[in-house]
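Single-letter residue listing:
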Amino acid sequence: MRVAVVGATGLVGTKMLQVLAERNFPVSELIPVASAKSVGKEVEFKGTKYKVVDMEAAIAAKPNVALFSAGGSTSTEWAPKFAAAGITVVDNSSAWRMDPKVPLVVPEINADVLTSNDKIIANPNCSTIQMVVALAPLHKAYNAQRIVVSTYQSVTGTGVKAVSQLRGERQKEVAGSGEGYEMAYKYPIDLNVIPQIDVFLDNGYTKEEMKMVNETKKIMRDDSIRVTATTVRIPVMGGHSEAVNIEFEKDFDLAEVRHLLETAPGVVVADDLANLHYPMPMDAHEKDEVFVGRIRRDESQPNTLNLWVVSDNLRKGAATNAVQVAEYLAANNLI
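Residue indices follow the written sequence of each chain, beginning from 1 at its first position. Predicted model: local features are reported for residues with pLDDT of at least 70 only, side-chain atom pairs are reported and counted for 80 or more only, and whole-chain, interface and lining totals are derived from all residues. The basis for every side-chain value is the complete set of heavy atoms in the structure, and neither hydrogens nor water enter the calculation.

**Side note on the overall build of the protein**
Logical step 1: Looking only at helices and strands, the protein features ten helices and 13 strands.
Logical step 2: Taken against the 2.2 N^0.38 rule, which gives 20 Å for 335 residues, the C-alpha radius of gyration of the protein at 20 Å falls within 12% of a compact globule.
Logical step 3: A principal-axis box enclosing the C-alpha atoms of the protein has dimensions of 60 × 55 × 40 Å.
Logical step 4: Three labels apply to residues, based on accessible area from a 1.4 Å probe with only protein chains included: buried if under 20% of the type maximum, exposed if over 50%, partly exposed otherwise in between. Within the protein, buried positions represent 51% of all 335 residues.
Logical step 5: Roughly 14,900 Å² of accessible area belongs to the protein as shown, and the carbon and sulfur atoms make up 51% of that amount.
Logical step 6: Across the protein, 35 positive and 41 negative side-chain charges occur, with their mean positions spaced 4 Å apart. Helix numbers and strand numbers start at the N terminus; a helix is a DSSP run of H or I with at least 4 residues, a strand a run of E with at least 2. As a reference, a globule follows 2.2 Å times the number of residues to the power 0.38, and the radius of gyration itself is taken over C-alpha atoms. Using a 1.4 Å probe, the Shrake-Rupley method yields the accessible areas, and only the shown protein chains count as cover for residues. We score Asp and Glu as negative and Lys and Arg as positive, and we do not count His or the chain ends. By convention, charge coordinates are those of NZ in Lys, CZ in Arg, CG in Asp, or CD in Glu.

Here you go:
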């Protein structure tokens, strides 16, 4: 299968190449694509080096599927051109997620919406993906009515520039040097917490927070779920963490909740208080699963559950989810 990776030199694009290789996706020809300044550079895939090409050359190569991670404006311009050429696009940006004609897919939950006519498929926001993977089996059993989520998100979600800022600040703090890094954020991130991810909207929420609200409803196919989010950037690199409070219509048994999570696809329960075992970003790093712990009843009101949810945002939150979508398309002869 001919596979294009658009944004192949970026953080997520690089991770897509890694995940394609690790999962042995049937790549007969790899077409790495990036911006004009990266054309001609080489990327490595399974021990072979491939030269980066531009968008026009990628379309001319007629890949079966194109995994996009090149930003919203690039996706808005180029995804329709790939689609018009008969190429199926799995797009990691926010450009198409809320388009009513475009499926927004987490394979464990709603891959059944996909058809061969879907030439643009949206990959959800990283923080949404990990939350709904944990939420889906519980919603099916108890009918979630309201979700309050607070996130603790890795700098890798911002990109290479943010990783460089954190490392530069850390080096300056520890070794007294660290010049030469650009500021990805308005404020220092090392030894700090920034309660803003993306831009603020008129309602006082950030775009990231409203992504979680709107995308959750679309993926779960239930507009009645009320969601409120506070998204926060913290100085870690292994993955995103979330404190999730879920109010259900029906009461639940904690042992059954645990069983539902333990048997849910893509979920690992890490919840052993006696041994201080709970999910942390350093444990989720370079893993594809969503880790759930601190499972406990909210004692302040009925039918309400607290969860702590952690996942590698570059993998399940981005690259792995996109590759899983491509795997589903291939397995079901949709590309």
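**Here's the deal with the environment of Thr115**
Logical step 1: Relative to the helices and strands, Thr115 resides in the loop between α4 (107-110) and β7 (120-122).
Logical step 2: With 202 residues separating them in the primary sequence, Thr115 and Gly317 have C-alpha atoms 23 Å apart.

**Observations regarding the sheet that holds strand β8 (residues 144-153)**
Logical step 1: With mixed pairing, six strands are arranged side by side in an open sheet as β9-β8-β10-β13-β12-β11. Of all the strands in the sheet, the pair left with one neighbour each is β9 (226-233) and β11 (267-269). Taken over all neighbouring pairs, the strand axes of this sheet differ in orientation by 20 degrees on average, direction set aside.
Logical step 2: Here helix α5 (residues 126-142) sits on the sheet in contact with β8, β10 (240-248), β11, β12 (290-297) and β13 (304-311), set at roughly 25 degrees to β10. For two strands to be treated as a pair, DSSP must find no fewer than two bridges joining them. In this description, a line fitted to the C-alpha atoms serves as the axis of each element, helices being fitted only across the stretch in contact, and the angle between N-to-C directions of two axes falls anywhere from 0 to 180 degrees. Whether two residues touch is decided by their heavy atoms; if any such pair falls within 4.5 Å, the residues are in contact.

**What to know about the sheet that holds strand β2 (residues 29-33)**
Logical step 1: Ordered in space as β2-β1-β5-β6-β7, the five strands form an open sheet in which the pairing is parallel. Looking at which strands have only one partner, the edges of the open sheet turn out to be β2 and β7. Across the sheet, the axes of successive neighbouring strands diverge by a mean angle of 20 degrees, strand direction being ignored.
Logical step 2: Note that strand β6 (residues 88-91) and β7 share three bridges and pair parallel. The partner of Val89 across the bridge, within β7, is Ile120.
Logical step 3: Helix α3 (residues 72-84) contacts β1 (2-6), β5 (65-68), β6 and β7 of the sheet and is inclined by roughly 175 degrees relative to β5.

**With respect to the packing of α5 against helix α7 (residues 207-220)**
Logical step 1: At a minimum axis distance of 10 Å, the contact between α5 and α7 shows a crossing angle of 40 degrees. When the interaxial angle is binned, α5 and α7 end up oblique. Helix-helix and strand crossings are classified by hand; for α5 and α7 the assignment is right-handed. Across the interface between the two elements, Cys126, Ser127, Thr128, Met131, Val132, Leu135, Ala136 and His139 of α5 pack against Glu208, Lys211, Met212, Glu215, Thr216, Ile219 and Met220 of α7.
Logical step 2: Ten residue types, Ala, Val, Leu, Ile, Met, Phe, Trp, Tyr, Cys and Pro, are classed as nonpolar, four, Asp, Glu, Lys and Arg, as charged, and the remainder, Gly among them, as polar. Tallied by class, residues from the contact of α5 with α7 come to eight nonpolar, four polar and three charged. Orientation categories follow fixed angle ranges, with anything under 35 degrees roughly parallel, anything over 145 roughly antiparallel, 65 to 115 roughly perpendicular, and all other angles oblique. If you view the pair so one helix is near and one far, a crossing is left-handed when the near helix is turned anticlockwise from the far one by less than a right angle, and right-handed when it is turned clockwise.

**Considering the environment of Val33**
Logical step 1: Position of Val33 among the secondary structure elements: in strand β2.
Logical step 2: Accessibility expressed as a relative area gives 0% for Val33, which makes it buried.
Logical step 3: When the C-alpha positions of Val33 and Pro195 are compared, they lie 34 Å apart, and in sequence the two are 162 residues distant.

**Thoughts on the packing of helix α1 (residues 11-22) against helix α10 (residues 315-331)**
Logical step 1: Interaxial distance between α1 and α10 falls to 9 Å at its minimum, and their mutual angle equals 50 degrees. In this view, α1 runs oblique relative to α10, as classed from their interaxial angle. As α1 packs across α10, the resulting crossing turns out to be right-handed. For the pair formed by α1 and α10, the contact residues are Val12, Lys15, Met16, Gln18, Val19, Leu20 and Glu22 on the first element and Arg315, Ala318, Ala319, Thr320, Ala322 and Val323 on the second.

**Some words on the pairing of β5**
One face of the sheet, then the other: side chains in a regular strand alternate in exactly this way.
Logical step 1: Side chains of β5 alternate between two faces, with Val65 and Leu67 and Ala66 and Phe68 buried alike.
Logical step 2: Of the strand pairs in this sheet, β1 and β5 are connected by four bridges, and their pairing is parallel. Looking at β5, one finds that Ala4 is bridged to Ala66.
Logical step 3: Relative to β6, β5 runs parallel, the two being bridged by four bridges. Paired with Leu67 across the two strands is Val90, which belongs to β6.
Logical step 4: For the crossover that starts at β5, traverses α3 and ends in the parallel β6, the hand is right-handed. For crossovers, right-handed means that the path from the first strand over the helix to the second runs clockwise, given strands pointing away from the viewer.

**Looking at the layout of surface pockets**
With a probe scaled to a water molecule rolled over the atoms, the places where space remains empty come into view.
Logical step 1: Of the volumes computed, that of the largest pocket is approximately 930 Å³.
Logical step 2: Note on definitions: the grid is 1 Å and covers protein atoms alone; a cavity is a set of points where a 1.4 Å probe fits but cannot get out; a pocket is an open set with protein on both sides within 12 Å along at least five of seven lines; lining residues have an atom within 4 Å of a point. Lining the largest pocket are 41 residues, and of these Thr156, Gly157, Thr158, Gly159 and Arg233 lie nearest its centre.
Logical step 3: Those elements that place two or more of their residues in the lining of the largest pocket are α1, α6 (160-175), α7 and α10.
Logical step 4: A breakdown of the residues in the lining of the largest pocket according to their chemical character gives 14 nonpolar, 19 polar and eight charged. Grid points are joined across faces, edges and corners, and a volume is the space filled by probe spheres set on the points.

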